[in-house]
There are 2 protein chains.
Amino acid sequence: MKIAIVGYGNLGRGAETAIARNPDMELAAVFTRRAPASVKLRTPGVPVFALDEIERFKGQIDVLLLCGGSATDLPEMTPALAESFNVVDSFDTHASIPAHFDAVNSAALRGGHTAVISVGWDPGLFSVSRLYAASVLPDGESYTFWGRGVSQGHSDAIRRIDGVADARQYTVPIAQAVEAVRGGENPVLTTRQKHLRECYVVAEEGADRERITREIKTMPNYFADYDTTVTFITQEEMQRDHSALPHGGHVIRCGETSDGVKQTVEFSLKLDSNPEFTAGVLCAYARAACRMAQRGQFGCKTAFDIAPGDLSPFAPEYLRAHML
Amino acid sequence: MKIAIVGYGNLGRGAETAIARNPDMELAAVFTRRAPASVKLRTPGVPVFALDEIERFKGQIDVLLLCGGSATDLPEMTPALAESFNVVDSFDTHASIPAHFDAVNSAALRGGHTAVISVGWDPGLFSVSRLYAASVLPDGESYTFWGRGVSQGHSDAIRRIDGVADARQYTVPIAQAVEAVRGGENPVLTTRQKHLRECYVVAEEGADRERITREIKTMPNYFADYDTTVTFITQEEMQRDHSALPHGGHVIRCGETSDGVKQTVEFSLKLDSNPEFTAGVLCAYARAACRMAQRGQFGCKTAFDIAPGDLSPFAPEYLRAHML
């Protein structure tokens, strides 16, 4: 499979790494909105092109991994490219998925391509876990906990505060809440009871740390509804201790199958690198997109529409004999 | 959906319970090899028929849940019934799955039906978890731990020993092994290092307990390769403390996405009742079988061939808006 990466940020670099670990995939090219000569890949011999040249590669690439952001890149990029290419994206603005699906579906059907949207781990593997668990245990409650991991959106929000030079925010699930859910209590949990937020901040010289702390803790939507800790550190400590992008979390469903008979299903991730893992998921769904396109299964698909066997490099006979 | 149960043992009774918790399903009938009048259902108003009458119900039942055993029932029953009905089974003799698949596939294609085999939790949800994890993390190792839970096969093996009145065997994963795997060490584990076996035995009066203990601990395949404990209890204790059929386990895969960057995926079950949970999985796959048959997707399918969305009672639009 010839794969191309569109966008060379954290996720794009993760995709480069992930493709190298999938022997049936070849990184054919990287497309960027930056000056191509300024983009240095880790893989030798792979060309970098300007994104506005991409249409001339139509027919030469099996699947594009779209590695842009959900806020502004993907709502434009995925529909625009799905008309000429099979594509996979990690669009993760949950509330906008139905609109994104419709736009991508029209484009993909028009062009006769397969477009997989919103894969990664949430949405993606966590969604699939919620769906399997709810389908086999209809009578129950599902809970999703995120972390401990870096939230880029929350880190960015802190960086926009006056006097902040750098910041990193960790979302942390609250252990007692996770245990209560695992124990089958199906508790009603407020936002504050599910997660806390740890902030590590490098303040500019002379900045008012009390004001920064107050601005963080009272920021609506981002922090006001949570117990939040703020720790000031140096730029050196930031680089030394907080340069990785770990993440993870748990999807837990507890339900009853008859009175008092409890069944608990849990799916967990512990990730040293969120972008590299997300990129691994994109690669598996790229394989599925390629196969579905070959079968004429065009249009927009999510993880819910894709049979797990299509993600694997192995043939169905092999999977039945060795993995079932 | 009109569902019928074939076989009314532990799993069949679990299926009756599970159908009642799925509002889009109706239990239409139970088929048995026993005298129908001797089978007392929990659900009022549902007829019980002799299995050899089943062909006259062709066209009147959407899906049959085949609740027989894998040793002798299902290898005959599933191919025989897949020609005239959509069926779901929980065939769990891993080594024989390819042959079972072929036999069922021929019959289902001949009759224009959809047959889902080997669903439950292992094979079934655990298989799917192994496949997702291996596909998104190609560079890693997968481990499956079972338990703490009752193994019916091992309990039966103890009951066949001379002087044993009753027995219950629990398979127990060894905590240090599970922790080593979770920690990303990708350890090489012997059979003995992964699980231990706890046996609770009611001895007949005057039976030689030392001999029974020795016979259990040295039994090839079943116990000889494990650390095994044998505890003698009374029949009253057996009924009071060991009449449930709990089970569960973990599928864990740890892999690297780049040098030294570890990612861990885990799927776990903690089940108060193995048969009731397994039956819940059968019901979800019955829904998928029904839909696939309506689309003309005939033949034998496993959990690997079935998109998760087909398991849910909810429409794709709803799932995208609420569960993705």
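Keep in mind that what you see is a predicted model, and the values were worked out from it rather than measured.

*Asks:* Kindly report on the overall build of chain A, identifying the contributing residues and their values.
*Replies:* Counting its regular elements, chain A contains eleven helices and 14 strands. For a compact globule of 324 residues, the expected C-alpha radius of gyration is about 20 Å, and chain A comes in at 21 Å, within 12% of that figure. Based on the C-alpha atoms only, the size of chain A along its principal axes is roughly 60 × 55 × 35 Å. Within chain A, buried positions represent 59% of all 324 residues.

*Asks:* So what's going on with the packing of aromatic side chains? Residues and values would help.
*Replies:* Overall, the coordinates contain 15 aromatic pairs over all chains when judged by the stated rule. Taking 5.2 Å as the distance between ring centres and 80° as the angle between the ring planes, the aromatic pair formed by A:W121 and A:F126 counts as edge-to-face. Judged by relative accessible area, A:W121 falls into the buried class, the value being 6%. Centroid distance A:Y132 to B:Y132: 6.3 Å. Interplanar angle 80°. Geometry classified as edge-to-face. With A:Y132 in helix 4 (residues 125–136) and B:Y132 in helix 4 (residues 125–136), this pair bridges two chains. One aromatic cluster is present, built from ring pairs that chain together A:F31, A:F49 and A:F57.

*Asks:* Please give an account of unusual backbone geometry that cites residues and values.
*Replies:* A cis geometry characterises the amide bond from A:D122 onward to A:P123, with omega recorded as 5°. Looking at the element boundaries, A:P123 is found in the loop between strand 6 (114–116) and helix 4. Here the phi dihedral of A:N186 falls at roughly 40°; this positive angle occurs in a residue that is not glycine. Position of A:N186 relative to the elements: it lies in the loop between helix 6 (175–182) and helix 7 (191–194). A relative accessible area of 28% means that A:N186 is categorised as partly exposed. The phi torsion at B:N221 lies on the positive side, around 65°, for a residue other than glycine. The exposure class assigned to B:N221 is exposed, which follows from its relative accessible area of 66%.

*Asks:* Any chance you could break down helix 5 (residues 152–159) of chain A for me, citing the residues and the numbers?
*Replies:* Residue and element names in this part refer to chain A. Turning to helix 5, its buried residues number three or more, namely H154, S155, A157 and I158. For helix 5, the arc enclosing every buried residue in end-on projection is 160°, short of the 170-degree limit, so these residues lie on one face. Next to the buried residues of helix 5 lie strand 8 (149–150), strand 9 (164–173), strand 10 (195–203) and helix 8 (209–217).

*Asks:* Describe the nonpolar core, listing the residues and the values that go with them.
*Replies:* One finds A:Y285 and B:Y285 to be the most contacted residues of the largest nonpolar core, which totals 160 residues. Apart from residues lying up to four places away in sequence, B:Y285 is in contact with A:Y132, B:V88, B:V116, B:V119, B:V128, B:A303, B:I306 and B:L311.

*Asks:* Tell me about the interface of chain B and chain A, residues and numbers included.
*Replies:* Contacts between chain B and chain A engage 63 residues on the former and 63 residues on the latter. Of the roughly 5400 Å² buried between chain B and chain A, counting both surfaces, carbon and sulfur atoms make up 61%. Broken down residue by residue, the surface that chain B buries against chain A is led by B:R21, B:R320 and B:L324, which jointly contribute 16%. Note that B:D259 is salt-bridged to A:R21, the shortest N-O span being 3.3 Å.

*Asks:* Quick rundown of the relation of the copies chain B and chain A? Include the residues and the values.
*Replies:* When chain B is fitted to chain A, the residual RMSD is 0.0 Å, and the transformation amounts to a turn of 180° plus an axial shift of 0.0 Å. This pairing of chains is accounted for by a two-fold axis. Residue B:A307 of chain B places its C-alpha closer to the rotation axis than any other residue of that unit, at 1.9 Å. A share of 100% of the interface residues of chain B reappears at the interface of chain A, consistent with the copies meeting face to face through the same patch.

*Asks:* Could you give me a rundown of the state of the cysteines, with the residues and numbers involved?
*Replies:* In total, this model carries zero disulfides over all chains according to the counting rule given. Between A:C300, a cysteine without a disulfide, and A:C67, which holds the nearest cysteine sulfur, the sulfur-to-sulfur distance is 17 Å. In this structure B:C254 is a free cysteine whose sulfur lies 19 Å from that of A:C283, the closest cysteine sulfur available.

*Asks:* Just give me the short version of the pattern of salt bridges, but keep the residues and values in it.
*Replies:* For the structure shown, the criterion picks out 34 salt bridges over all chains. For A:E53, the salt bridge goes to A:R56, with nearest N and O atoms at 2.7 Å. Of the residues examined, A:E53 reaches a relative accessible area of 28% and is grouped as partly exposed. The class of A:R56 is exposed, set by a relative accessible area of 52%. Each of A:R21, B:D139 and B:D259 takes part in one network of salt bridges that share partners.

*Asks:* I'd like a rundown of the side chain of A:T228, residues and numbers included.
*Replies:* Residue and element names in this part refer to chain A. Tracing the backbone shows T228 in strand 11 (residues 227–232). Residue classification places T228 among the buried positions, given a relative accessible area of 9%. Ignoring sequence-local partners within four residues, the contact set of T228 consists of R197, C199, I216, K217 and F223.

*Asks:* Which residues make up the sheet that holds strand 1 (residues 2–6) of chain A, and what values do they have?
*Replies:* In sheet architecture, strand pairing relies on hydrogen bonds along the backbone and comes in two forms, parallel and antiparallel. All names here are of chain A. Strand order in this open sheet of seven strands is 3-2-1-4-5-6-14, and the pairing throughout is parallel. What marks the edges here is a single partner per strand, and that holds for strand 3 (48–50) and strand 14 (299–301). Neighbour-to-neighbour, the strand axes of the sheet open up by a mean angle of 25°, direction not taken into account. In the sheet, strand 5 (residues 87–89) pairs with strand 6 via two bridges, with the strands oriented parallel. Residue pairing across strands places V87 opposite A115, the latter belonging to strand 6.

*Asks:* Just give me the short version of helix 6 (residues 175–182) of chain B, but keep the residues and values in it.
*Replies:* All names here are of chain B. Within helix 6, the full set of buried residues consists of A177, V178, A180 and V181. On an axial view of helix 6, the arc spanned by its buried residues comes to 160°, and they lie on one face. Contacts from the buried residues of helix 6 go to strand 7 (140–146), strand 9 (164–173), helix 7 (191–194) and strand 12 (247–258).

*Asks:* With reference to specific residues and values, describe the environment of B:N274.
*Replies:* Residue and element names in this part refer to chain B. In this structure, N274 sits in helix 10 (residues 274–294). Residue N274 is classed as buried on the basis of its relative accessible area, which comes to 18%. Residues N274 and L66, 208 residues apart in the sequence, show an inter-C-alpha distance of 16 Å. Ignoring anything within four residues of it in the chain, the contact list for N274 reads W121, L245 and H247. At 2.9 Å, the side chain of N274 forms a polar contact with the side chain of W121.

*Asks:* Mind laying out the side chain of A:D73, listing which residues take part and the relevant values?
*Replies:* Residue and element names in this part refer to chain A. On the secondary structure map, D73 appears in helix 2 (residues 73–82). Within the local environment of D73, its side chain forms a polar contact with the backbone nitrogen of G69, the two atoms lying 2.8 Å apart. Apart from residues lying up to four places away in sequence, D73 is in contact with R33 and G68.

Basis of the calculations
- Residues numbered from 1 in each chain as written.
- Chains lettered and ligands numbered in written order.
- Predicted model: local features only at pLDDT ≥ 70, side-chain atom pairs only at ≥ 80, totals over all residues.
- Heavy atoms only, no water.
- Helix = DSSP H or I, 4+ residues; strand = E, 2+ residues; numbered from the N terminus.
- Rg over C-alpha atoms; globule rule 2.2 N^0.38 Å.
- Buried < 20%, exposed > 50% of the residue type's maximum accessible area, 1.4 Å probe, protein only.
- Phe/Tyr/Trp six-rings, centres within 6.5 Å; stacked < 30°, edge-to-face > 60°.
- Arc of directions from axis to C-beta.
- Contact = heavy atoms within 4.5 Å.
- Core = buried A, V, L, I, M, F, W, Y, C linked by side-chain atoms within 4.5 Å.
- Buried area = accessible area lost by both parts, 1.4 Å probe.
- Salt bridge = Lys/Arg side-chain N within 4 Å of Asp/Glu carboxyl O.
- Least-squares fit on C-alpha atoms with pLDDT ≥ 70 in both.
- Disulfide = S-S within 2.5 Å.
- Pairing = 2+ DSSP bridges.
- Axes fitted to C-alpha atoms, helices over the stretch in contact; angles between N-to-C directions.
- Polar contact = N/O pair within 3.5 Å; in protein donor to acceptor, adjacent residues only side chain to side chain.

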